[in-house]
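Structural characterization, general
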Amino acid sequence: MDDWENYREPWTAKLQHFGGYTTDAAEAQLRIVLPDILRYDRARPAGYPNGRTLSDDVTSARLTMLTDGKVPGDHIGPHTDLLPAFPYLGHPH
């Protein structure tokens, strides 16, 4: 509930260090992910950051955000081995 109060300052510092963000730009990025809840707008397509599908590469998206695009991803990629029944995800990467 207090994600903004608890994480704004340390994560602003991380974004400034890793991504070279200004304070205002870092806080603008943080407003996308804080509070730490998954938002969904039915008027927009599903997929991170608007909801999440099983094949979204969220780790790469967050890494790109953290570094302001300097590191474009983790080179692992999303799951492409989805199963037709629960637990849906194939073998862990």
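For the structure, check the block above.
The rules we used
Residues numbered from 1 in each chain as written. Predicted model: local features only at pLDDT ≥ 70, side-chain atom pairs only at ≥ 80, totals over all residues. Heavy atoms only, no water. Patch = residues over 30% accessible without salt bridge, like charges linked within 9 Å, V, L, I, M, F, W, Y side chains within 5 Å. Areas by Shrake-Rupley, 256 points an atom, 1.4 Å probe, with all protein chains shown as cover. Salt bridge = Lys/Arg side-chain N within 4 Å of Asp/Glu carboxyl O. Helix = DSSP H or I, 4+ residues; strand = E, 2+ residues; numbered from the N terminus. Buried < 20%, exposed > 50% of the residue type's maximum accessible area, 1.4 Å probe, protein only. Contact = heavy atoms within 4.5 Å.

1. Side note on a nonpolar patch on the surface
A cluster of nonpolar side chains, contributed by Leu54, Leu82, Phe86, Tyr88 and Leu89, occupies part of the molecular surface with about 500 Å² of accessible area. Among the secondary structure elements, leucine 89 is positioned in the segment after helix H3 (58-66).

2. A few points about H3
For an α-helix, 3.6 residues make a turn, and residues three or four places apart therefore share a direction. All of the buried residues along H3 are Val58, Ser60, Met65 and Leu66. On the buried face of H3, the contacting elements are helix H1 (3-19) and helix H2 (23-33). Looking at the residues trailing H3, positive phi occurs at aspartate 68, about 55 degrees.

Interpretation note: all reported values are geometric properties and have no functional meaning in isolation.
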